Amino acid sequence: LTIQSLHVCYFEAGAQSRGLGGLTPPGTARTMVWHVYLSAVVPRLVFILHTIFAVWRVVLAKDDYMYWLLLLLTLLIFVEMIVTITIQKGADYKGFSPALFFYLINIIPPIWILEICQLQQMRIDECVSKNNSTCMYDIRPTGCPATERNKSSSFTGNQDIFQNVDWILGLHQTLLIVLIIGKWILPLGIGVNRDQLSQLLLMFVGTAADILEFKSETQSHTGVRCCVELVYAILALWTWSMLQFPLDLTVQQREDAEPSGHHTPLWKVQLYKYSADLWNISISIFIQDGPFLIFRLFLMLSRKINHQMLLFFTIKNSLVLILQIYRLVVIYLELRHPQRRESQKATVTNVAATPIEMEDVDE
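Residues numbered from 1 in each chain as written. Predicted model: local features only at pLDDT ≥ 70, side-chain atom pairs only at ≥ 80, totals over all residues. Heavy atoms only, no water.

Engineer: Explain the overall build of the chain to me, using residue names and the numbers behind them.
Structural biologist: What the chain contains, in helices and strands, is 14 helices and zero strands. Along the chain direction, N to C, the helices and strands of the chain fall in the order α-α-α-α-α-α-α-α-α-α-α-α-α-α. Within the span of the chain, comprising 363 residues, buried residues form 41% of the whole. For the chain, the share of sequence-separated contacts (at least 6 apart) that also reach a separation of at least 24 residues comes to 75%. Carbon and sulfur atoms make up 65% of the accessible area of the chain, which amounts to about 20000 Å² in all. (Helix = DSSP H or I, 4+ residues; strand = E, 2+ residues; numbered from the N terminus. Buried < 20%, exposed > 50% of the residue type's maximum accessible area, 1.4 Å probe, protein only. Contact = heavy atoms within 4.5 Å. Areas by Shrake-Rupley, 256 points an atom, 1.4 Å probe, with all protein chains shown as cover.)

Quick look at the structure:
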């Protein structure tokens, strides 16, 4: 791929989305072409390096070189990068970021393996420390089996490398940081400007904090980390919530949408206008706050696990869902009576614009 072809690709797909137009000096154009090229390649290389680091931790923890085969998933990022540069002209897709999606496909399996390995070690240590008594909320009816107690010595050699949850927590933290910074550096998607990108990044920061808190705080309780089913449920909800990061639909507001025809209903125009809000509400209810609330209520009501932070975040998820439903009702009312709303606004505008004479006031 030559510089000249990248130059043409940039002005076909990137110039309009970045607010550039008109004629550009050759030196400036060449600089912008290289900027697009680097912004498309560098984040993907960072994604691959972070995946390599995570797989390396898996190999050390499991002491099995076969886990290096997980790096074959990085081929998806290479293929996506070539397709994006050649077909998409360096720009990201509309409403969706394949680079972030394939990065999640690469990084989530190593984290799952490390979490399961750590779960096994925690259950073994718990049983050994309790003299083979049954772990709290353990799925097995009896204590730690003799086979697992014998295996506990094999984990001792790896404890210096795999220090409790420190490495896993570090991977979770760096994953979210790399996602946010990578989205910032990647070329803009179609239909997303700089203002919308800044809004999306701010939303990512808040979302990342909530997800990290759910993963670390919920699993820190003894009654949760000893139960395999609960740990798997937390990892499943964590994986499900991470799928919202490749989406750009929550900022693609269409306030300037025009009817496609003379007979287009006004409610359809309004639906386009509130499309970003509807996507944001759907993601909150079905991907993040809704599942988090259900799981926390299950811990409190079924498992009888209660502590201050769990209660606080349960109330927080409840308030977010109530506010989102309230916002959904407001949008529904706007869509149901769009003409009445427009007429009311016009009446208020006319009344405000009508001059009031002093004689009318005296009368």
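On we go.
Engineer: Help me get a handle on the pattern of salt bridges, residues and values and all.
Structural biologist: Counted by the stated rule, this structure contains seven salt bridges. The salt bridge partner of Lys215 is Glu115, with a shortest N-O separation of 2.8 Å. In this pair, Lys215 sits in helix α7 (residues 194-219) while Glu115 sits in helix α4 (residues 98-129), placing the two residues 100 residues apart along the sequence. Residues Glu213 and Arg296 are paired through a salt bridge, measuring 2.6 Å at the closest nitrogen-oxygen approach. Here the residue Glu213 occupies a position in helix α7, and Arg296 occupies one in helix α11 (residues 275-301), the gap between them amounting to 83 residues. For Glu213, a relative accessible area of 15% gives the class buried. Residue Arg296 is classed as buried on the basis of its relative accessible area, which comes to 2%. Through salt bridges with shared partners, a single network forms among Asp210, Asp289 and Lys316. (Salt bridge = Lys/Arg side-chain N within 4 Å of Asp/Glu carboxyl O.)

Engineer: Outline the side chain of Thr51, listing residues and values.
Structural biologist: Mapped onto the elements of the fold, Thr51 is located in helix α2 (residues 26-62). The exposure class of Thr51 is buried, given its relative accessible area of 0%. A distance of 2.9 Å separates a polar side-chain atom of Thr51 from the backbone oxygen of Phe47. Those residues within four positions of Thr51 in sequence are excluded, and the remaining contacts are Leu71, Thr74, Tyr103, Asn106 and Ile107. (Polar contact = N/O pair within 3.5 Å; in protein donor to acceptor, adjacent residues only side chain to side chain.)

Engineer: Run through the packing of helix α9 (residues 228-242) against α11, naming residues and quoting values.
Structural biologist: One can describe the packing of α9 onto α11 by two numbers: an axis separation of 9 Å at closest approach and a directional angle of 165°. The angle between α9 and α11 places the two elements in the roughly antiparallel class. In the packing of α9 onto α11, the handedness of the crossing is left-handed. Of α11, the residues touching α9 (which contributes Leu230, Ala233, Ile234, Leu237, Trp240 and Ser241) are Phe286, Ile287, Pro291, Phe292, Phe295, Phe298 and Leu299. (Axes fitted to C-alpha atoms, helices over the stretch in contact; angles between N-to-C directions. Parallel < 35°, antiparallel > 145°, perpendicular 65-115°, else oblique. Left-handed = near helix turned anticlockwise from the far one by under 90°.)

Engineer: Any chance you could break down the environment of Ile105 for me, citing the residues and the numbers?
Structural biologist: You can see Ile105 is positioned in helix α4. For Ile105, a relative accessible area of 28% puts it in the partly exposed group. For the pair Ile105 and Leu76, spaced 29 residues apart in sequence, the C-alpha separation works out to 9.0 Å.

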